Amino acid sequence: MSNVAPTAIVDEAAYTAAVELAVSSSAAYYGDGSSTVDDDTYDQLVRAIAAWEAEHPEQVRADSPTGKVAGGAVTGDVPHTRPMLSLDNVFSGEELLKWAEGLERRLGGPVAGWAVEAKLDGLAISARYREGRLVQLVTRGDGLAGEDVSHGIGQIVGLPAELAEPVTVEVRGEVLFTTAQFETANTLRMAHGGTPFANPRSAAAGSLRAKDRPYKVEFTFFGYGALPLAEAGPEGLLALPHTGVMEYVARLGVQTSAAALPGPLGYGDLEGVTARIAEIAAARAELAFGIDGIVIKADGAEDQEKAGLSSRAPRWAIAYKLPADTRTTVLRGVEWAVGRTGIIAPRAVLDPVEIDGVTVTYATLHNPADITRRDLMIGDTVSVKRAGDVIPRVEAPLVQARTGEEQPIAFPETCPRCGGAIDRSQERWRCELGRACNTVASISYAVGRDQLDIEGLGQTRVVQLVEAELIADFADLFALTREQLIGLERMGDTSTDNLLAAIEAAKSRPLSRVFAALGVRGTGRSMSRRIARYFATMDLIRAADVDSVQKVEGIGPEKAVVLVAELTEIAPLIDKLASFGVNMTEPGATPPSAEEETVPEASGLPLAGMSVVVTGGMTGPLESLSRNEMNELIERAGGKASSSVSKKTALVVAGEKAGSKLTKATDLGIPVITPDEFAERVADFLG
Ligand SMILES: NC(=O)c1ccc[n+]([C@@H]2O[C@H](COP(=O)([O-])OP(=O)(O)OC[C@H]3O[C@@H](n4cnc5c(N)ncnc54)[C@H](O)[C@@H]3O)[C@@H](O)[C@H]2O)c1
Ligand SMILES: [Zn+2]
């Protein structure tokens, strides 16, 4: 594979080879999206070419990608009204400030104002409206002329066929696939006998350019520019600042870059710009579509006019590049592991690849159906995405990089842990033994900090107890004796006493914790709390049928069936816990009575009826609380803990380094308080 780009060029032959690789990669990248080098690798290549050319100006080749829109690799036959350019890049705050200084020198004074937008990772499109009707779509091409892709009209969300006013105007912006649209597009393409696209960007480019597709796909558009298309074009448009152009275009009914992110578009000074960059970077992982940077523009029309353009990019705008979150590597194998509930989950083993400073060797593959859907094979070059702290995932194979040596991925015939039968009735396969298949994992989960919170009982200790046949499930812990423990390796007097005390203390945990420890499928921490608060006692939970468990918020018909079935399955375990004196009631909760459907219990409490979101690092009296403990605190005080900010949010507790949730709350005008203020408000419920 030609996937290796030189980081430094040593002679003219290497220079020629590098230019050829860049040109062919660009042609594939902008063509049908089939380049086999990832963006980081390509950018390194171009930097090496530029460095060589700076030292050897006499050798510069005419086909060199430097200084050209799209690396000079594409052309088109529809001339643009004005050039559609690329953007220059900076890679740090320092470089940004330097660039801004340069711009202000050129302008001979300070920039009047700034606009800050997401750098949307799709392809640039010019959309031509005549008297309010969308008549033509043109790609960027070489910047001077592009390709007609008008067949895409009607498939692009955000780009209406008819504007609110009959104006003749050209709107420019990015066409992209959201993550969901990408998945659907790939599924459809494969259902029609095609091969999957490697990532949303190349999928959007490839799909939009494909003329005779037998099926329709949906794209998304965000505009970031507009100009009059004819003499009759909207008056005064060219005199508007960028923010004004965006408002105008939005009024016409087009989706703009302002709608891509919560928060304002305009900023008065570079301090505001810098803070906004940090905010967008922090929000990146949660966005529904990919961004590869942040675009900073001088807002004023006069400033833009004065700064002008280079042959490749405007001088009044810059792209602040974010580290790539997607890279390509090779899929070496697939491992199948059995989780604590018996779910058999596949995991991709990859050639190590560095993504945003972290070396990635494993990625999730979800389930067998998903592997089939993505048409993955062992030996495939695959694109892997790691967004924020989310577990990396394999997006798709680069089918064009196949050599014929790739092997199908084998699915397990029997449970890879116990060798027993597999239940394949759901997309996620499960060992028929369920949680009994992986005792250690389910016990470790049960004693974890957010469940029974038994200190001194790490995974190693659990393995030791299971292997010594002292416990077979977590209820057995409550029957352990001093004699049994003291005989074990690495168990002295003190550690034995401490462990026994910790186990004893766990008996009085609230029902919500005990219930969570059972590890019923689909009931994590917050769901367990809702169930415990609603029913108040374990007996009432167990007595509930499929209908009545659905009275708990968030339990639908499907979940209800699983819940009731699992409770029957683990009935002996629950009986055993009860017989050892483990608490089976939820403090402060009252059982539901037949007449009252709603639970008025919360009234009178400080957070009664309020949906509360916690974000950032907690300080002061709340410093040591985990997020789960914060949520428990909110619920004790009568509120509802939520993880995302919406119009329904009543209060946001924002600690140190709060990011996008805080921004969103401010935008929506939701009250925001500090951890200290919050601690005061719920002081009676602390500890
Ligand atoms: N992997 C490969 O083989 C390969 C080949 C060629 C190029 N590339 C990648 O493509 C990039 C260079 O391509 P480029 O010249 O298209 O530049 P670019 O994509 O870095 O930046 C310019 C483009 O950004 C887009 N954009 C997104 N949001 C915008 C906004 N808010 N305002 C204005 N423009 C916005 C526009 O489409 C504009 O044309 C590099 O990152 C490179 O890695 C990769
Ligand atoms: Zn098994």
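Residues numbered from 1 in each chain as written. Chains lettered and ligands numbered in written order. Predicted model: local features only at pLDDT ≥ 70, side-chain atom pairs only at ≥ 80, totals over all residues.

1. Re the overall build of the chain
Step number 1: On a plain count of helices and strands, the chain comes out with 22 helices and 25 strands.
Step number 2: Counting only C-alpha atoms, the chain reaches 85 × 60 × 50 Å along its principal axes.
Step number 3: Counting every position in the chain, which comprises 687 residues, the buried fraction comes to 38%.
Step number 4: Sequence separation of 24 or more characterises 69% of the internal contacts of the chain that already satisfy a separation of 6 or more. (Helix = DSSP H or I, 4+ residues; strand = E, 2+ residues; numbered from the N terminus. Buried ≥ 20, exposed ≤ 12 C-beta atoms within 10 Å, placed from the backbone. Contact = placed C-beta atoms within 7 Å.)

2. Some words on helix α2 (residues 39–55)
Every α-helical turn comprises 3.6 residues, leaving residues that sit three or four positions apart pointing alike.
Step number 1: The first and last C-alpha atoms of α2 sit 25 Å apart over 17 residues, in line with the 24 Å expected at 1.5 Å per residue.
Step number 2: Within the sequence span of α2, burial applies to Leu-45, Ile-49 and Trp-52. Projection of α2 onto a plane perpendicular to its axis shows the buried side chains occupying an angular sector of 65°, all on one side. Set apart from the buried face of α2 by more than 90 degrees, the exposed residues are Ala-54 and Glu-55.
Step number 3: The secondary structure elements touched by the buried residues of α2 are α1 (12–30). (Expected span 1.5 Å × (residues − 1). Arc of directions from axis to C-beta.)

3. Quick notes on the site of ligand 1
Step number 1: As a matter of local geometry, ligand 1 sits amid 23 residues, with Ser-25, Tyr-29, Ser-35, Asp-39 and Ala-124 nearest to it.
Step number 2: Looking at the shell around ligand 1, its residues break down into 10 nonpolar, 6 polar and 7 charged. (Near = placed C-beta within 6 Å. Nonpolar A, V, L, I, M, F, W, Y, C, P; charged D, E, K, R; others polar.)

4. A closer look at the sheet that holds strand β8 (residues 169–176)
Step number 1: The 5 strands are arranged β5-β4-β8-β9-β7 in an open sheet whose pairing can be described as mixed. The open sheet has two free edges, formed respectively by β5 (133–139) and β7 (156–157), since each of these has just one partner strand.
Step number 2: By the bridge criterion, 6 bridges tie strand β4 (residues 123–130) to β5 in an arrangement that is antiparallel. Directly across from Arg-128, in β5, lies its bridge partner Gln-136.
Step number 3: Strand contacts of helix α5 (residues 200–209): β4, β8 and β9 (219–228), with the helix running at about 130° to β8, the strand carrying the most contacts. (Pairing = 2+ DSSP bridges. Axes fitted to C-alpha atoms, helices over the stretch in contact; angles between N-to-C directions.)

5. Here we look at the UniProt feature "active site" (unreviewed entry) in the chain
Step number 1: Per the UniProt record, "active site" (unreviewed entry) is found at Lys-119.
Step number 2: Summarising the element assignment, Lys-119 is placed in strand β3 (residues 114–120).
Step number 3: Residues in contact with Lys-119, not counting those within four places in the same chain, are Ile-291, Asp-292, Gly-293, Ile-294, Val-295 and Ala-319. (UniProt positions renumbered as here; feature names shortened; annotations may be inferred.)

6. Focus: the domain arrangement of the chain
Step number 1: When its domains are assigned, the chain resolves into domain 1 (12–72), domain 2 (78–321), domain 3 (326–408), domain 4 (435–506), domain 5 (511–600) and domain 6 (603–685).
Step number 2: Using C-alpha coordinates to define each centre, domain 1 is positioned 29 Å away from domain 3.
Step number 3: At the junction of the two partners, domain 1 supplies 4 residues and domain 3 supplies 7 residues.
Step number 4: Considering only residue class, the side of domain 1 that touches domain 3 consists of no nonpolar, 2 polar and 2 charged. (Domains from an automatic or database assignment.)

7. Here we look at the pairing of strand β24 (residues 651–654)
Step number 1: Where strand β22 (residues 611–615) meets β24, 4 bridges bridge the pair, whose relative direction is parallel. Paired with Thr-615 across the two strands is Ala-654, which belongs to β24.
Step number 2: Where β24 and strand β25 (residues 672–673) come together, 2 bridges link them in parallel fashion. The residue bridging Val-652 from the neighbouring strand is Val-672, located in β25.
Step number 3: Crossover connection from β24 via helix α21 (residues 660–668) to parallel β25: handedness right-handed. (Right-handed = clockwise from strand over helix to strand, strands pointing away.)

8. Some remarks on the pairing of β4
Step number 1: Of all 8 residues in β4, 6 are buried; the element is thus mostly enclosed.
Step number 2: Pairing geometry for β4 and β8, over 7 bridges, is antiparallel. When the bridges of β8 are listed, Ala-124 appears paired with Glu-174.
Step number 3: As consecutive antiparallel partners, β4 and β5 are separated by 2 residues, and within that stretch Glu-131 has a phi angle of approximately 45°, a positive value.

9. Section: the sheet that holds strand β12 (residues 317–321)
Step number 1: Taken in spatial order, the 5 strands make up an open sheet running β2-β12-β11-β3-β10, and their pairing is mixed. Each having just a single partner strand, β2 (89–90) and β10 (266–267) make up the two edges of the open sheet.
Step number 2: Of the pairings in the sheet, the one linking β3 to β10 comprises 2 bridges and is antiparallel in character. Bridge pairing in β10 links Ala-115 to Gly-266.

10. Quick look at the nonpolar core
Step number 1: Core analysis: the biggest nonpolar cluster contains 83 residues, and Val-175, Ala-204 and Phe-219 have the highest contact counts within it.
Step number 2: For Val-175, the contacting residues outside a window of four places in its chain are Gly-122, Leu-123, Ile-125, Ile-156, Ala-204, Leu-208, Phe-219 and Phe-221.
Step number 3: If you look at the next biggest cluster of nonpolar residues, it comprises 42 residues, including Val-447, Leu-452, Ile-471 and Ala-560. (Core = buried A, V, L, I, M, F, W, Y, C linked by C-beta atoms within 7 Å.)

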